[in-house]
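What the coordinates show
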Amino acid sequence: MTELGLRARKKLQTRQQIVDTATSLFAERGFDNVTVVEIARAASVSEKTVFNYFGTKEDLIFSGMDDFSATLLRVIRERPPGTSAFAAFGEFVVQPRGLLAAEDPDAIERLAAIARMIDASTTLQTRQRHLFDASVDSLAALMAEEAGVTDTDVDVWVVANALIGVLRAMQKYIHHEVLAGRRGPNLIRDVLAQGRRAFEVLEHGLAEYAVGDRTVSPRHSSRSKSGREVRGSRTGDSTDA
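To start, this report covers the structure provided alongside it. (Residues numbered from 1 in each chain as written. Predicted model: local features only at pLDDT ≥ 70, side-chain atom pairs only at ≥ 80, totals over all residues. Heavy atoms only, no water.)

As for helix H8 (residues 154-179)
For H8, built from 26 residues, the straight-helix expectation of 38 Å at 1.5 Å per residue is met to within 8% by its first-to-last C-alpha distance of 37 Å. Regarding H8, its N-cap is Asp153, as a side-chain oxygen of that residue lies 3.0 Å from the backbone nitrogen of Asp155 further along. (Helix = DSSP H or I, 4+ residues; strand = E, 2+ residues; numbered from the N terminus. Expected span 1.5 Å × (residues − 1). Polar contact = N/O pair within 3.5 Å; in protein donor to acceptor, adjacent residues only side chain to side chain.)

Focus: the nonpolar core
The biggest cluster of nonpolar side chains holds 57 residues, and the ones touching the most others in it are Phe26, Ile39, Ile61, Ile76, Phe89, Val93 and Leu139. Elements with a minimum of two residues in this core: helix H1 (3-29), helix H2 (36-43), helix H4 (59-77), helix H5 (85-93), helix H6 (105-120), helix H7 (122-147), H8 and helix H9 (185-204). For this core, the leading source of residues is H8, giving 10 residues. In contact with Phe26, not counting residues within four places along its chain, are Phe31, Val34, Ile39, Lys57, Leu60, Ile61 and Met117. (Core = buried A, V, L, I, M, F, W, Y, C linked by side-chain atoms within 4.5 Å. Buried < 20%, exposed > 50% of the residue type's maximum accessible area, 1.4 Å probe, protein only. Contact = heavy atoms within 4.5 Å.)

Considering the side chain of Asn186
Inspection of the secondary structure puts Asn186 in helix H9. Polar contacts involving the side chain of Asn186 include one to the side chain of Arg189, which spans 3.2 Å.

Some thoughts on the pattern of salt bridges
The full count for this structure, using the stated rule, is 8 salt bridges. Here Arg127 and Asp59 are joined by a salt bridge, their closest N and O atoms 2.5 Å apart. Residue Arg127 is located in helix H7, and its partner Asp59 is located in helix H4; the two are separated by 68 residues in the primary sequence. By relative accessible area, Asp59 is classed as buried at 10%. The partner of Arg182 in a salt bridge is Glu177, with the nearest N and O atoms 3.0 Å apart. In this pair, the class of Arg182 matches that of Glu177, namely buried. Residues joined by salt bridges that share partners form a network here, namely Glu177, Arg182, Arg189 and Asp190. (Salt bridge = Lys/Arg side-chain N within 4 Å of Asp/Glu carboxyl O.)

Describing the packing of H4 against H7
At a minimum axis separation of 11 Å, H4 and H7 run at an interaxial angle of 15°. Viewed along their axes, H4 and H7 adopt a mutual orientation that is roughly parallel. In this structure, the crossing between H4 and H7 has a hand that is right-handed. In this structure, H4 uses Asp59, Ile61, Phe62, Met65, Asp66, Ser69, Leu73, Ile76 and Arg77 to contact H7, whose residues at the interface are Leu124, Arg127, Gln128, Leu131, Phe132, Ser135, Ser138, Leu139, Leu142, Glu145 and Glu146. Looking at side-chain class alone, the contact of H4 with H7 contains 10 nonpolar, 4 polar and 6 charged residues. (Axes fitted to C-alpha atoms, helices over the stretch in contact; angles between N-to-C directions. Parallel < 35°, antiparallel > 145°, perpendicular 65-115°, else oblique. Left-handed = near helix turned anticlockwise from the far one by under 90°. Nonpolar A, V, L, I, M, F, W, Y, C, P; charged D, E, K, R; others polar.)

Some details on the side chain of Gln128
In this structure, Gln128 sits in helix H7. You can call Gln128 buried: its relative accessible area is 11%. Discounting residues that sit within four places of it in the chain, Gln128 has contacts with Phe62, Met65, Ile118, Gln171 and His175.

Observations regarding the packing of H4 against H5
At a minimum axis separation of 9 Å, H4 and H5 run at an interaxial angle of 140°. Classed by the angle they form, the pair H4 and H5 counts as oblique. Here H4 and H5 pass one another in a crossing that is right-handed. Contact residues: Phe68, Thr71, Leu72, Val75 and Ile76 in H4; Ala85, Ala88, Phe89, Phe92 and Val93 in H5. Of the residues assigned to the contact of H4 with H5, the class counts are 9 nonpolar, 1 polar and no charged.

Examining the packing of aromatic side chains
Given two aromatic rings, one states the distance between the centres and the angle between the planes to describe the pair. Within this structure, the stated rule accounts for 4 aromatic pairs. Relative to Phe199, the ring of Phe86 lies with its centre 5.7 Å away and its plane at 80°, an arrangement referred to as edge-to-face. With Phe86 in helix H5 and Phe199 in helix H9, this pair connects stretches of sequence that are 113 residues apart. Judged by relative accessible area, which is 29%, Phe86 ranks as partly exposed. Here Phe89 and Phe199 contribute two aromatic rings whose centre-to-centre distance is 5.7 Å and whose plane-to-plane angle is 50°, an arrangement assigned as tilted. Taken together, the residues Phe89 in helix H5 and Phe199 in helix H9 connect sequence positions 110 residues apart. Comparing Phe89 with Phe199 shows no difference in burial state: the two are buried. One aromatic cluster in this structure is built from Phe86, Phe89 and Phe199. The ring of Phe31 carries the charged tip of Lys57 above its face, separated from the ring centre by 4.3 Å. (Phe/Tyr/Trp six-rings, centres within 6.5 Å; stacked < 30°, edge-to-face > 60°. Lys NZ or Arg CZ within 6 Å of the ring centre and 35° of its normal.)

See the structure below:
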């Protein structure tokens, strides 16, 4: 391995050490009750080193979300010719990755710990909303650039909000489920199935979705059945825990 490779690897290890230390302290005492100085001391690094890797204390929780958004935009920008931004977005989002792809049970426990932190901190909730809003802005700008319009164009703004809304819905769903105690492969399957259902709703038109009885029009009845199966699976996955 080259010297540059060793240096890059050490940086990644230091970054992960800081994140793991911060997550542990936040889980034990709450996000708002832990300072960056305490995180640095526990991770055996300087406070300056922490800020070299993370711009704010909130970034210790949400850096993965920033990485995800950057990767998502790159995938859309570099999609194959003839593929719509909508299709590229959908294909990317409903694939297991990150903590959802990890086989280690500790990964889901870490996700549950993060969900509890966010649930208990208005600071983190505000930061999360801002990050989603920033994702809408970035996606709208990309789509506007490709379409040759401004990023305030109604069409691109509506589509960008709808697509990022799928991410927000999936995040809300998994946080709710892990906080309720769900674990195991069925949870991951259901999260991704919820994402696919959301894209089907967008693909076939919001006007055809009846909120009251959670059904779609008769010509999409097979998708409605699929949706019921996803919801029903929660009653038969007692082996998840």
